[in-house]
Amino acid sequence: AVAIVRQRRQLLAGHRAAASPKTPGAAAGTASLARGAADALAADTSVTTHQEVGGSAQDLLSLFMESKGADGQPLNDKQLIDTVINFIIAGRDTTAQALSWTLYELLQHPEVEQQVLQELRAVLGPLPADSSSRQAVHPSYDQIRQLRFTRACFLEALRLHPSVPEDIKFAVRTGTLPDGSVIPAGCRLLY
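In this report, the structure presented in the accompanying data block is examined. (Residues numbered from 1 in each chain as written. Predicted model: local features only at pLDDT ≥ 70, side-chain atom pairs only at ≥ 80, totals over all residues. Heavy atoms only, no water.)

**A look at the overall build of the chain**
Looking only at helices and strands, the chain features seven helices and six strands. When the helices and strands of the chain are read in sequence order from the N terminus, they spell out α-α-β-β-α-α-α-α-α-β-β-β-β. Expressed as a percentage of the 191 residues in the chain, the buried residues total 20%. In the chain, the share of contacts with a sequence separation of at least 24, taken over all contacts with a separation of at least 6, comes to 50%. Element-wise, carbon and sulfur atoms account for 58% of the exposed surface of the chain, whose accessible area totals about 13,300 Å². (Helix = DSSP H or I, 4+ residues; strand = E, 2+ residues; numbered from the N terminus. Buried < 20%, exposed > 50% of the residue type's maximum accessible area, 1.4 Å probe, protein only. Contact = heavy atoms within 4.5 Å. Areas by Shrake-Rupley, 256 points an atom, 1.4 Å probe, with all protein chains shown as cover.)

Pasting the structure below:
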């Protein structure tokens, strides 16, 4: 996280300097620095792709770097590092939980699993388990868009087991839901 913040500071400084160079040689030097930092960031999958729009960075970290805290001052490195770590952890945990529940639900419903596999084979071709090559499959975005049934299964798993529940309630007294499920007093409900 520290390296990400440092690299991003260099990248933003390079873009600002390249946008208004004081000497012709300065633009080449700062552009080179910015390109080097951008290449380093591109190699780091935990940071979103940098997009230059209207002279200012439009990725999440850069927006935080340009914002001000409650005291009106720019966020310091510790605050930025905490933010980066929070996003990395939150993204990893919620994604892992969503995929785990999806796989669990597919294993509980083998007929649905077979439909997902049929769709994957139809869109992606033979899967590594179908051949002796064991090469990884790297679908394109267009192929991913074609996986409608697979996406529906993933969304259903998210509906049944949300990674981040929208609301949490505690039952003050015993009650019954419309489907007949009894909720005991003191029970925590997540939905």
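**Some thoughts on the pattern of salt bridges**
According to the stated counting rule, one finds four salt bridges in the structure shown. One salt bridge in this structure joins Asp 82 and Lys 78, with 2.9 Å as the shortest N-O distance. Taken together, the positions of Asp 82 and Lys 78, both in helix H4 (residues 77–108) and four residues apart, correspond to about one turn of that helix. A salt bridge links Arg 159 to Glu 156, with the nearest nitrogen and oxygen atoms 2.6 Å apart. With Arg 159 and Glu 156 both in helix H7 (residues 148–160) and three residues apart, the pair spans about one turn of that helix. (Salt bridge = Lys/Arg side-chain N within 4 Å of Asp/Glu carboxyl O.)

**Details of the environment of Leu 106**
With respect to the helices, strands and loops of the structure, Leu 106 is situated in helix H4. Since its relative accessible area comes to 13%, Leu 106 is described here as buried. In this structure, the C-alpha to C-alpha distance between Leu 106 and Cys 153, residues 47 residues apart in sequence, is 8.1 Å. Apart from the residues lying within four places of it in its own chain, the contact partners of Leu 106 are Val 112, Glu 113, Val 116 and Cys 153.

**As for the nonpolar core**
The biggest cluster of nonpolar side chains holds eight residues, and these are Ile 4, Val 5, Leu 61, Met 65, Leu 75, Leu 80, Ile 81 and Val 84. Listed by contribution, the elements that provide at least two residues to this core are helix H1 (2–19), helix H3 (60–66) and H4. Judged by nonpolar contacts, the second largest core, of seven residues, contains Val 116, Leu 127, Leu 147 and Cys 153. (Core = buried A, V, L, I, M, F, W, Y, C linked by side-chain atoms within 4.5 Å.)

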